[in-house]
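Listed here are the chains, written in short residue letters.
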Amino acid sequence: MERRTIGAAALEVGAVGLGCMPMSWAYTGSQQRGEESLRAVNAALDRGSTLLDTADMYGPFTNELLVGRVLKERRSEAFVSTKVGLLVGDQHLVANGRPNYVRRACDASLRRLQTDVIDLYQLHRTDPEVPVEETWGAMAELVSAGKVRSLGLCAVGARSGRRAGARLHDGTIRLLERVQQVFPVSTVQAELSVWSAEALDALLPWCAARGVGFLAAMPLGNGFLTGTLTPGEGFEPDDLRARHPRFTAEMMAANQPIVVGLRRVARRHGDGVRPVTPAQVALAWVLAQGPHVVPVPGTKRERWAAENAGAAGLRLTAEDLAEVAGLPGALGSWD
Ligand SMILES: NC(=O)c1ccc[n+]([C@@H]2O[C@H](COP(=O)([O-])OP(=O)(O)OC[C@H]3O[C@@H](n4cnc5c(N)ncnc54)[C@H](OP(=O)(O)O)[C@@H]3O)[C@@H](O)[C@H]2O)c1
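The name given to the chain in an unreviewed UniProt entry is Oxidoreductase, with the source organism recorded as Streptomyces populi.

This is how it looks when you write it as structure tokens:
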């Protein structure tokens, strides 16, 4: 698989990573497919998808334990990225950016992951009670202590400001500029996909200009862009899509032209022997947004982990990219 160099620490990873979240969190059936999840992680590594993206919060904790079982056997083949700063509370998710907590959480993640160093440690959410410089400073100390190789910031939850006319990630960029004063940022993780491309406006160029890597979260549109979901499918209450405005039967039907367009591009590349899927086109589109971009498609299935890794070999033509750019914008928003 093509390799990409990300961030201040110039670390190399396979161009397509693996999002481990659906193995333990946010989707129906997580936590119930442990053995298949292990096979999915192994299948990704076998194909050069070295970046395994997890978080202490997924499960909570069980996702790191699962990834740790693979790392125990294959540490040298993997690039492990985990996250700190977001906890599962009784009712809501709770941010905790206190330096003491960050230090303890890192030691606990190292134990669960069965490793002595985390390749990329990401701040999952900022804590409104703690200046971000303090949290980031504690994370930087972990680099000095040799427990962590590089630092990243997540901005997946960014939704504010649009009503006031601001771009989605203006706040993210202000935050990045603050933490850069303390210690270099290696990566930003934010949503980027064919149907959620706001990061292209300012965040991606900001990263490119500063040598910061970009981890594209939800690159398959939570599964919609793969074309394997049908409108009216219905989601269990424990599935994030049960509350997602784009996953009502009406919006899924209204957004079908996007999947139809991806399928059209896929047909131009595949043949009877080696078919190309809409999921692979969606990932190849993300890869085409810049050499500093690494998608982390999430799956708990061996077959899909292999299929997604295969997207690294798909080169979209200028005609393909123009066609995807011309697809209708997604209907259904959080605002
Ligand atoms: N930093 C953050 O706050 C944050 C937030 C969200 C996500 N993320 C990261 O981004 C990663 C990706 O996000 P995501 O997993 O929510 O969304 P995603 O990658 O856009 O989509 C995942 C969904 O697509 C399905 N899928 C995957 N590959 C497929 C294929 N080839 N064909 C058909 N269906 C396929 C999965 O099914 P199965 O589950 O059944 O395999 C899952 O339901 C996460 O795993 C996580 O690492 C980070």
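Still to come is the rest of the account.
A. Region of the structure containing the packing of aromatic side chains. In total, this model carries four aromatic pairs according to the counting rule given. Pairing tryptophan 195 with phenylalanine 224 gives two aromatic rings, centres 4.7 Å apart and planes at 5 degrees, and the pair type is stacked. Residue tryptophan 195 is located in the loop between β10 (187-191) and α6 (203-210), and its partner phenylalanine 224 is located in the loop between β11 (213-217) and α7 (249-254); the two are separated by 29 residues in the primary sequence. Here tryptophan 195 and phenylalanine 224 have matching classes, each one buried. When the ring of phenylalanine 224 is compared with that of phenylalanine 247, the centres are 6.3 Å apart and the planes differ by 85 degrees; the resulting orientation is edge-to-face. Here phenylalanine 247 lies in the loop between β11 and α7 and phenylalanine 224 lies in the loop between β11 and α7, a separation of 23 residues in the sequence. Exposure remark for phenylalanine 224: the relative accessible area of 1% places this residue in the buried category. A relative accessible area of 5% places phenylalanine 247 in the buried class. Against the face of phenylalanine 247 rests arginine 241, its NZ or CZ located 6.0 Å from the ring centre. Here the guanidinium or amino end of arginine 246 rests over the ring plane of tryptophan 195, the centre of that ring lying 4.8 Å away.

B. Summary view of the pattern of salt bridges. Applying the stated criterion across every chain, the model contains 21 salt bridges. Residue arginine 315 pairs with glutamate 2 through a salt bridge whose shortest N-O separation is 3.5 Å. Taken together, the residues span a long stretch of sequence, with arginine 315 in the loop between α10 (302-310) and α11 (318-325) and glutamate 2 in the segment before β1 (3-6) at a distance of 313 residues. Look at glutamate 2 and you get partly exposed, because its relative accessible area is 29%. Taking the shortest distance from any N to any O, the salt bridge between arginine 69 and glutamate 35 comes out at 3.7 Å. With arginine 69 in helix α2 (residues 62-74) and glutamate 35 in helix α1 (residues 34-46), this pair connects stretches of sequence that are 34 residues apart. Overall, glutamate 35 belongs to the exposed group, its relative accessible area being 52%. Sharing partners across several salt bridges, the network here consists of Arg264, Arg268, Glu319, Asp320 and Glu323.

Calculation notes
Residues numbered from 1 in each chain as written. Predicted model: local features only at pLDDT ≥ 70, side-chain atom pairs only at ≥ 80, totals over all residues. Heavy atoms only, no water. Phe/Tyr/Trp six-rings, centres within 6.5 Å; stacked < 30°, edge-to-face > 60°. Helix = DSSP H or I, 4+ residues; strand = E, 2+ residues; numbered from the N terminus. Buried < 20%, exposed > 50% of the residue type's maximum accessible area, 1.4 Å probe, protein only. Lys NZ or Arg CZ within 6 Å of the ring centre and 35° of its normal. Salt bridge = Lys/Arg side-chain N within 4 Å of Asp/Glu carboxyl O.

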